[in-house]
Amino acid sequence: MDVTLAASVDEFFHEVVTDALSAVDLEASEPASWYLVSLLGDFTRARLTDEPLGIKLAQPGEDPADRVRNLKQVGDTSLYVAGFFAESLTRSLVDVEYYVGLGQTAYAQLARSMGAGRSLTDVYEELADKFPKFVDVLAAVRKRISIAEMNATTDISRLYEIWLRTRDEWIEKKLRAAGVLIDPGTKVIQ
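Numbers given to residues run from 1 along each chain, matching the order in which its sequence is written. For this predicted model, a pLDDT threshold of at least 70 governs which residues receive local features, and a threshold of 80 or more governs which side-chain atom pairs are given and counted, while totals over whole chains, interfaces and linings are taken from all residues. The basis for every side-chain value is the complete set of heavy atoms in the structure, and neither hydrogens nor water enter the calculation.

Turning our attention to the nonpolar core. What is meant by a nonpolar core is a set of buried Ala, Val, Leu, Ile, Met, Phe, Trp, Tyr and Cys residues, joined one to another through side-chain atoms within 4.5 Å. Exposure categories follow from relative accessible area, calculated using a 1.4 Å probe and restricted to protein chains: below 20% of the type maximum is buried, above 50% is exposed, and the middle band is partly exposed. Membership of the largest hydrophobic core comes to 46 residues, with the highest contact counts inside it found for Leu-39, Leu-40, Leu-79, Tyr-107, Leu-127 and Val-141. We count a stretch as a helix when DSSP gives it H or I for four or more residues in a row; a strand needs E for two or more, and each element gets its number in order from the N terminus. For this core, the leading source of residues is helix α6 (residues 96-114), giving 9 residues. Throughout, a residue-residue contact means that at least one pair of heavy atoms, one from each residue, lies within 4.5 Å. When sequence neighbours within four positions are dropped, the list of residues in contact with Val-141 reads Val-16, Val-17, Ala-20, Leu-40 and Phe-84.

When you line up the elements, Val-37 lands in helix α2 (residues 30-45). For the pair formed by Val-37 and Glu-15, sequence separation is 22 residues and the distance between their alpha carbons is 9.1 Å.

A few words on the packing of aromatic side chains. Any two rings among Phe, Tyr and Trp, with Trp reduced to its six-membered ring, count as a pair given centres within 6.5 Å; such a pair is stacked if its planes are under 30 degrees apart, edge-to-face if over 60, and tilted if neither. This structure, assessed with the given rule, holds 10 aromatic pairs. Residues Tyr-35 and Tyr-124 carry aromatic rings whose centres are separated by 5.6 Å and whose planes lie at 80° to one another, so their mutual orientation is edge-to-face. Of this pair, Tyr-35 sits in helix α2 while Tyr-124 sits in helix α7 (residues 119-129), and the two are 89 residues apart along the sequence. Residue Tyr-124 is classed as buried on the basis of its relative accessible area, which comes to 3%. Look at Tyr-80 and Phe-84: their rings are 4.9 Å apart centre to centre, the planes differ by 25°, and that puts the pair in the stacked class. Placement of both Tyr-80 and Phe-84 in helix α4 (residues 64-84) is noted, with a separation of 4 residues, approximately one turn of the helix. Residue Tyr-80 is classed as buried on the basis of its relative accessible area of 12%.

By this rule the span expected of a helix is its residue count minus one, scaled by 1.5 Å. Relative to the 30 Å expected for 21 residues at 1.5 Å per residue, α4 spans 30 Å between its end C-alpha atoms, a close match to the ideal helical length. N or O atoms closer than or at 3.5 Å make up a polar contact, with two conditions inside protein: a donor-capable atom paired with an acceptor-capable one, and, for residues adjacent in sequence, both atoms drawn from side chains. Between the side-chain oxygen at the start of α4 and the backbone nitrogen of Ala-65 there is a gap of 2.8 Å, and the oxygen is on Asp-63.

Where charged atoms from two side chains of opposite charge come close, those side chains can pair. When a carboxyl oxygen of Asp or Glu lies within 4 Å of a side-chain nitrogen of Lys or Arg, that pair is called a salt bridge. Counting across every chain of the model gives 6 salt bridges. In this structure, Lys-56 engages Glu-51 in a salt bridge whose closest nitrogen and oxygen atoms are separated by 3.0 Å. For Lys-56, a relative accessible area of 7% puts it in the buried group. Residues Lys-72 and Asp-76 are paired through a salt bridge, measuring 2.5 Å at the closest nitrogen-oxygen approach. Residue Lys-72 and its partner Asp-76 are located together in helix α4, separated by 4 residues, close to a single helical turn. With relative accessibility at 28%, the residue Lys-72 sits in the partly exposed group. The exposure class of Asp-76 is buried, given its relative accessible area of 8%.

Counting through the fold element by element, Ser-33 comes out in helix α2. With residues near it in sequence (within four places) discarded, Ser-33 still touches Val-17 and Leu-21.

This brings us to unusual backbone geometry. Although it is not a glycine, Asp-25 sits at a positive phi angle of roughly 60°. Its relative accessible area of 65% is what places Asp-25 among the exposed residues.

This part takes up the packing of helix α1 (residues 9-23) against α2. Here an angle of 0 to 180 degrees is reported between the N-to-C directions of two axes, which are lines fitted to C-alpha atoms, with helices fitted over the stretch in contact. Viewed as axis vectors pointing N to C, α1 and α2 meet at an angle of 125°, and their least axial separation amounts to 9 Å. The angle between the axes of α1 and α2 places the two elements in the oblique class. As α1 runs across α2, the sense of the crossing is right-handed. Taken together, the residues of α2 that come into contact with α1 (itself represented by Val-9, Asp-10, Phe-13, His-14, Val-17 and Leu-21) are Glu-30, Ser-33, Trp-34, Leu-36, Val-37, Leu-40, Gly-41 and Thr-44. Along the lines of polarity and charge, the residues of the contact of α1 with α2 split into 8 nonpolar, 4 polar and 2 charged. Angles below 35 degrees are treated as roughly parallel, those above 145 as roughly antiparallel, those between 65 and 115 as roughly perpendicular, and all remaining angles as oblique. In this scheme, a crossing is called left-handed if the near helix is turned counterclockwise away from the far one by less than a right angle; it is called right-handed if the turn is clockwise. Residue polarity is assigned by list, with Asp, Glu, Lys and Arg as charged and Ala, Val, Leu, Ile, Met, Phe, Trp, Tyr, Cys and Pro as nonpolar; anything else, Gly included, falls into the polar class.

By themselves, these are just geometric observations and shouldn't be taken as functional.
If you want it as structure tokens, here you go:
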């Protein structure tokens, strides 16, 4: 994956999401994977609000459209925060499990509120049912984006150090693509 070769944000995120789904061994529907692509694209332009998501989830909303909008925002924000900021949540009053619970609940309620027979209903049901795995997908996306940025600045030695600690196959593939010879017998750094 080369950041400079992507023609659009969606194209870039589609490639990264597809790779991350494979890495975490999650079979997601095509609409759900495109939903993740769209979510990531949206968060490149949007800012996270300070409004507590638990309160937003509990608000009934003025009308059904407000309720749908609130549930979608809670689900999307919970998924994004849990996937991209899990490490920083360890120093927070709330942990990843809090966001997982909020996100699953929001997407499940959203699916129920939309009614059967709608394509988005299936996507929201899938997001609710597999929420923890989708969090893992976004964590893998974050890792790949960080490594892509590292590759863009040609910090191959740092990438190699990460590979020495993790033996991650995806990182090994990137190192080989950059022309680095990998010796599988190299000792793991603790």
